[in-house]
Amino acid sequence: MTASEHIGGADRRLAMLLRLAFVAAVPLLYIDTLASIVQIWRSSEAYVHGFLIPFISLALIWHRRDVLASNEPVVSWAGFAWLVALSLLWVASDFAGVQLTRQFAAVAMIPAAVLSIFGAAVFKSIRFALLYLLLAVPFGDFLIPYLIDFTAKFTVDALHLLGIPVFRDGRYFLTPSGAYEVAKACSGLKYFVATFALTTLFSYFLFARVRKRLLFIGFALLLSIIANGIRAVTVVLLLHYTDLDIAAGPDHEFVGWIVYALVLAVLIWVGNRFQDKHSEGGDDAPASDASPAPTAHSAGLTRSLKAGALAFAAASLGPLLAVWSTSVESVAAIERMHLPEQLDGWRLVDEADADWSPRYRGYSDLVEGRYDSADGGAVDVAVIRYASNRQGAEITNATNAVADVDVWTFGNVWSLSVDVDNGGKLPLRQVRVARPGTNRLIWYWTEVNGQPVDGALQTKLAELRQIVSGGGTIATVVLVSSPLTETERDTELLLSRFVKAFYPQARGCFASEDTSVGCGEGMMVNGEQH
């Protein structure tokens, strides 16, 4: 080896290390977002497998390290475009307080950085390993209500087929051996997301064609859902025919893992039965050797430095916009809210019933109270206002709930509307909650700057429009609740009558920092009537 070749090889290795350093630096811009992912891994059994995902990805990349060593990296402008787009998605999600898309954008920065700094050929050779990192993002909580409903229906139908009398009410069902509830922990989400991560990796090595991989993953997910239903049926049968106490605790988990082990055995058999020979991740072909070689020893270093700096600048766009928006954001003094003492046919009598209270976090203000009507009806009210939209202080945070989830069990959420003043319709959500000896009906609606919005997505879009237009956002959720009477219809009529009396006076009173603006007659603000 000549001296020139030795120097060239050293420069090449240094250029490679420089590019790798820039790839590693990009996710550091989003360290808080990545830390939030790790926190979810630590706090939720459903996502604890996320700790393995980065190591699996690194192992897959190391397995193809020859690609990085034998090809000259090139710049990819498509990669820079992806970095800018993901950075803007991250900052938009940050403004709107959408944690999931913020986390996806932060993790997706890593494959986008590799694409921009190393080029399309190198990216293609390790794309599965890079995209597999996206499975580290904790997603799937939105599936819980659907998984619970399927499990409850599957269990009840199976018990009917087995000749066991059963009565079902939503996620609750009653048999001669006792009463059961398909709780959140029984949804099977942890089996579902673990199966998704495992079979995605499994299919990469077994199948060469993308269609077969997708079919195998879909089959595995369907099997995991059915298996969770079988697990629930097994637990009920054991409780019905034996004296075993496995409704909860380690024995309950043991039954689940036994069923899941059988699912894995079936998946392994099916995968081996239909695998493609010599697949080994066949779509990640080695990078082309046609990449241009540097014309001088310093050219590789210069090009690497420019590519890395440009990628880092593109990825920095979102965090810089977030810092700028924080620096120019004006924080106004928030006036305390007060409920109107008199409504048409209703009177504020006392604080809300201590039996029920919503569980919201990070709010700017909260006011609660109870109203009595002349005919003896009683409605509890809670108004919660958010003058900020940052992580942990947004109205659509996943941890917020219309009742304490540790105390109450929840039925299905229904959409409805109530005719209010001037012929308008107020979109509402209705949910039934229960605890031993008590059932409640809760209606609630959300407003952004005084305008009702229908659902979490519409709330986020309304908040984002306000931010883009340069205005601040005041988001409010209003909850009204009453214990269930003999018939649910009577309680619905009671709540409807109250909302029609409350909404015209309350509308606009929680839409700005100064709650005295636009309040209806009788609304109390800081002890003064307006």
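Provided above is the structure to which this section pertains.
This is a predicted model, so every value here is computed, not measured.

Conventions we followed
Residues numbered from 1 in each chain as written. Predicted model: local features only at pLDDT ≥ 70, side-chain atom pairs only at ≥ 80, totals over all residues. Heavy atoms only, no water. Helix = DSSP H or I, 4+ residues; strand = E, 2+ residues; numbered from the N terminus. Expected span 1.5 Å × (residues − 1). Bend = angle between axes of the 7 residues up to and from the residue. Buried < 20%, exposed > 50% of the residue type's maximum accessible area, 1.4 Å probe, protein only. Arc of directions from axis to C-beta. Axes fitted to C-alpha atoms, helices over the stretch in contact; angles between N-to-C directions. Parallel < 35°, antiparallel > 145°, perpendicular 65-115°, else oblique. Left-handed = near helix turned anticlockwise from the far one by under 90°. Contact = heavy atoms within 4.5 Å. Nonpolar A, V, L, I, M, F, W, Y, C, P; charged D, E, K, R; others polar. Phe/Tyr/Trp six-rings, centres within 6.5 Å; stacked < 30°, edge-to-face > 60°. Lys NZ or Arg CZ within 6 Å of the ring centre and 35° of its normal. Pairing = 2+ DSSP bridges. Core = buried A, V, L, I, M, F, W, Y, C linked by side-chain atoms within 4.5 Å.

Peer 1: I'm lost on helix 6 (residues 99–118) in this one. Help?
Peer 2: Three or four residues apart is the spacing at which side chains of an α-helix point the same way, because the helix has 3.6 residues per turn. Between the first and last C-alpha of helix 6 there are 29 Å, a value that for 20 residues agrees with the 28 Å anticipated at 1.5 Å per step. At Met109, helix 6 shows its largest kink, close to 30 degrees, and the proline Pro111 lies no more than four residues downstream. Of all 20 residues making up helix 6, 15 are buried, and the element is well covered by its neighbours. Positive backbone phi, at 100 degrees, marks Gly119, one or two positions downstream of helix 6.

Peer 1: What is the right way to read helix 2 (residues 31–43) from this model?
Peer 2: With 13 residues, helix 2 should cover 18 Å at 1.5 Å per step; its first-to-last C-alpha distance of 18 Å lies within 8% of that length. Along helix 2, the residues that are buried comprise Thr33, Ile37, Ile40 and Trp41. Looking straight down helix 2, one finds its buried side chains confined to an arc of 105 degrees; they lie on one side. Facing away from the buried surface of helix 2 by more than 90 degrees, the exposed residues are Asp32, Arg42 and Ser43.

Peer 1: Explanation requested: the packing of helix 10 (residues 189–206) against helix 11 (residues 210–241) in the structure shown.
Peer 2: Running from amino to carboxyl end, helix 10 crosses helix 11 at an angle of 150 degrees, the nearest separation of the two axes being 9 Å. Overall, the two elements helix 10 and helix 11 adopt an arrangement that is roughly antiparallel. In the crossing of helix 10 with helix 11, the sense of the turn from one axis to the other is right-handed. Between helix 10 and helix 11, the contacting residues are Tyr191, Phe192, Thr195, Phe196, Thr199, Thr200, Phe202, Ser203 and Tyr204 on the first element and Arg213, Phe216, Ile217, Ala220, Leu221, Ser224, Ile225, Asn228 and Arg231 on the second. Its residues assigned to classes, the contact of helix 10 with helix 11 shows ten nonpolar, six polar and two charged.

Peer 1: Sorry if this is basic, but what is going on with the packing of aromatic side chains here?
Peer 2: When we look at a pair of aromatic rings, we describe it by the centre distance and by the angle of the planes. Using the criterion set out here, one finds 17 aromatic pairs in the structure. For the ring pair Tyr30 and Trp90, a centre distance of 5.1 Å and an interplane angle of 75 degrees mean the geometry is edge-to-face. Taken together, the positions of Tyr30 in the loop between helix 1 (3–28) and helix 2 and Trp90 in helix 5 (residues 77–96) put the pair 60 residues apart, joining distant regions of the chain. By the burial criterion, Tyr30 is buried, and Trp90 matches it. Centre to centre, the rings of Tyr204 and Phe205 are 5.0 Å apart; their planes meet at 75 degrees, and the pair counts as edge-to-face. The buried category is assigned to Tyr204, whose relative accessible area is 5%. Exposure remark for Phe205: the relative accessible area of 38% places this residue in the partly exposed category. Through a chain of ring-to-ring contacts, the aromatic side chains of Phe128, Tyr132, Tyr204 and Phe205 assemble into a single cluster. Stacked on the ring of Phe274, the Lys or Arg Arg273 has its end atom at 5.1 Å from the ring centre. Across from the ring centre of Trp408, 5.3 Å away, lies the NZ or CZ of Arg435, which sits over that ring.

Peer 1: I would appreciate a short explanation of the sheet that holds strand 2 (residues 172–175) in the present structure.
Peer 2: What holds strands together in a sheet is hydrogen bonding between their backbones, with the strands either parallel or antiparallel. Across the sheet, three strands lie side by side as 1-2-3; this open sheet has antiparallel pairing. Every other strand in the sheet has two partners, leaving strand 1 (167–169) and strand 3 (178–181) as the edge strands with one partner each. Sheet twist, expressed as the average angle between the axes of neighbouring strands with direction ignored, equals 20 degrees. As paired elements, strand 2 and strand 3 share four bridges and run antiparallel to each other. By the bridge assignment for strand 3, Tyr172 is matched with Glu181.

Peer 1: Before we go on, may I ask you to explain the environment of Leu17 in this structure?
Peer 2: For Leu17, the location among the structural elements is in helix 1. On the basis of relative accessible area, Leu17 is assigned to the exposed category, the value being 56%.

Peer 1: Before we go on, may I ask you to explain the nonpolar core in this structure?
Peer 2: For soluble globular proteins, nonpolar side chains are generally found buried alongside one another. Formed by 69 residues in total, the largest nonpolar core has its most connected members in Leu83 and Phe173. Ranked by residue count, the leading element in this core is helix 6, at eleven residues. Non-local contacts of Leu83, meaning those with residues more than four positions away in its chain, are made with Met109, Ala112, Ala113, Ser116, Ala311, Ala314 and Ala315. In this structure, Leu339, Val367, Val480 and Leu494 belong to the second largest nonpolar core, which totals 27 residues.

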